[in-house]
Amino acid sequence: MLQKILSQLEASQTTLVAVSKTQANSQILKMYEAGQRVFGENRVQELMQKYEELPKDIEWHLIGHLQSNKVKYIAPFVSLIHSVDKLALLLEIDKQAQKNGRVQDVLLQFHIAEEDSKFGLTWEKAQVLLESEAYAKMKCVQVLGVMGMASFTSDKEQVRAEFRQLKEYFNQLKSQYFADAAHFKEISMGMSGDYPIAITEGSTMVRIGSLLFGAGA
Ligand SMILES: *Cc1c(COP(=O)(O)O)cnc(C)c1O
């Protein structure tokens, strides 16, 4: 399955984040041995444990909701945090990155789905964040782009419209705040059920779990 997905991502040069939450180390190692280096986790505790136990050249991404008080545990090693949805969280990430002598790469998570159970910024809240004095003073965070999750629905056109919305937010942010920032180039969207749509809508990073590892694995 890994090779099949990678071949689908090749033409668009989309990055595969292998979502390894709940997977045993042995399963992750199999994927590692097949060449995969980017893995995504959604819980801090699980991420810390896997970081300790697995090869150190794995690039770990935190893709799930992150509480400010847990940032310190992953700040020494996490390579990309996809789920920044509050100024207070970004402030804490900046503080912990500074302590660790790092510049932390992050994505801004937007709310694009219909369900209100999912986390994420609105356009207005993102503007307030990026125009705040607190953000202007941050030295140790780098915003690489945006992340979003589409509605859990079989309506493909709705999913497509939501991905388009995220791409539109990306374009607007790029022109308003990141016009000169070459690093602002990532759109993290697409999961097992909807990644082919995400790719056609401009995803640069897909987060795939169940399809890759097998539902029962
Ligand atoms: C679990 C998860 C995924 C992967 O979901 P699959 O449907 O298993 O591919 C992607 N993104 C986030 C934020 C997740 O929590």
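Just above, that's the structure.
Residues numbered from 1 in each chain as written. Predicted model: local features only at pLDDT ≥ 70, side-chain atom pairs only at ≥ 80, totals over all residues. Heavy atoms only, no water.

**Q** Pulling in residues and values, what's your account of the site of the ligand?
**A** Around the ligand, the surrounding shell consists of Val19, Lys21, Asn42, Ile63, Met149, Met191, Ser192, Arg207, Ile208, Gly209 and Ser210. Contact between the ligand and Arg207: a nitrogen atom at 2.9 Å from a side-chain N or O atom of the residue. In the environment of the ligand, an oxygen atom lies 2.8 Å from a nitrogen or oxygen atom belonging to the backbone of Ser210. The fraction of the free accessible surface of the ligand (380 Å²) that becomes covered by protein chains is 85%. Of the residues in the shell around the ligand, the class split is 5 nonpolar, 4 polar and 2 charged. (Near = heavy atom within 4 Å. Polar contact = N/O pair within 3.5 Å; in protein donor to acceptor, adjacent residues only side chain to side chain. Areas by Shrake-Rupley, 256 points an atom, 1.4 Å probe, with all protein chains shown as cover. Nonpolar A, V, L, I, M, F, W, Y, C, P; charged D, E, K, R; others polar.)

**Q** Kindly report on the environment of Met1, identifying the contributing residues and their values.
**A** For Met1, the location among the structural elements is in the segment before helix H1 (2-10). Residues Met1 and Gln109, spaced 108 residues apart in sequence, show a C-alpha to C-alpha distance of 28 Å. In contact with Met1, not counting residues within four places along its chain, are Leu211 and Leu212. (Helix = DSSP H or I, 4+ residues; strand = E, 2+ residues; numbered from the N terminus. Contact = heavy atoms within 4.5 Å.)

**Q** Break down the environment of Lys99 for me, citing the residues and quoting the values.
**A** Looking at the secondary structure, you find Lys99 in helix H5 (residues 87-99). For the pair Lys99 and Lys72, spaced 27 residues apart in the sequence, the C-alpha separation amounts to 9.3 Å.

**Q** So what's going on with unusual backbone geometry? Residues and values would help.
**A** With a phi angle near 55 degrees, Gln13 is a residue other than glycine that sits in the positive phi range. What makes Gln13 exposed here is its relative accessible area of 69%. With phi around 70 degrees, Thr22 is a residue other than glycine that occupies positive phi space. Within the secondary structure layout, Thr22 lies in the loop between strand S1 (15-19) and helix H2 (25-33). Residue Thr22 is classed as exposed on the basis of its relative accessible area, which comes to 65%. (Buried < 20%, exposed > 50% of the residue type's maximum accessible area, 1.4 Å probe, protein only.)

**Q** Lay out H1 in plain terms, naming residues and giving numbers.
**A** Along H1, the residues that are buried comprise Leu2, Ile5 and Leu9. The arc that holds every buried residue of H1, seen down its axis, measures 75 degrees, which confines them to one face. Turned more than 90 degrees from where H1 packs its buried face, Gln3 and Glu10 sit exposed. Buried residues belonging to H1 abut S1, H2, helix H9 (195-200), strand S8 (205-208) and helix H10 (210-213). (Arc of directions from axis to C-beta.)

**Q** Break down the packing of aromatic side chains for me, citing the residues and quoting the values.
**A** We describe a pair of aromatic rings using the distance from one ring centre to the other and the angle between the two ring planes. Counted according to the given criterion, the structure contains 6 aromatic pairs. Between the aromatic rings of Phe170 and Phe184, the centroid separation amounts to 4.9 Å while the plane-to-plane angle is 10 degrees, which identifies the pairing as stacked. Separated by 14 residues along the polypeptide, Phe170 in helix H8 (residues 156-177) and Phe184 in the loop between H8 and strand S7 (186-188) bring together distant segments of the chain. The buried category is assigned to Phe184, whose relative accessible area is 1%. Among the aromatic residues, those joined into a ring-pair cluster are Phe110, Trp123 and Tyr169. Cation over ring: Arg37 sits above Tyr32, and NZ or CZ is 3.6 Å from the ring centre. A cation over a ring is seen here: Lys56 above Tyr51, with NZ or CZ 4.7 Å from the ring centre. (Phe/Tyr/Trp six-rings, centres within 6.5 Å; stacked < 30°, edge-to-face > 60°. Lys NZ or Arg CZ within 6 Å of the ring centre and 35° of its normal.)

**Q** Describe the pairing of S8, with residues and values.
**A** The side-chain alternation of S8 yields two buried faces, one formed by Met205 and Arg207 and the other by Val206 and Ile208. Relative to S8, S1 runs parallel, the two being bridged by 4 bridges. The residue of S8 that forms the bridge with Ala18 is Ile208. (Pairing = 2+ DSSP bridges.)

**Q** Just give me the short version of the nonpolar core, but keep the residues and values in it.
**A** Core analysis: the biggest nonpolar cluster contains 59 residues, and Leu66, Ile74, Ile81, Ile93, Phe110, Leu173 and Leu212 have the highest contact counts within it. With residues up to four places along the chain from it excluded, the contact list for Ile81 reads Leu62, Leu66, Ile74, Ile93, Gln104, Asp105, Val106 and Leu107. Of all hydrophobic cores here, the second largest spans 7 residues; its members include Val38, Leu80, Leu144 and Met147. (Core = buried A, V, L, I, M, F, W, Y, C linked by side-chain atoms within 4.5 Å.)

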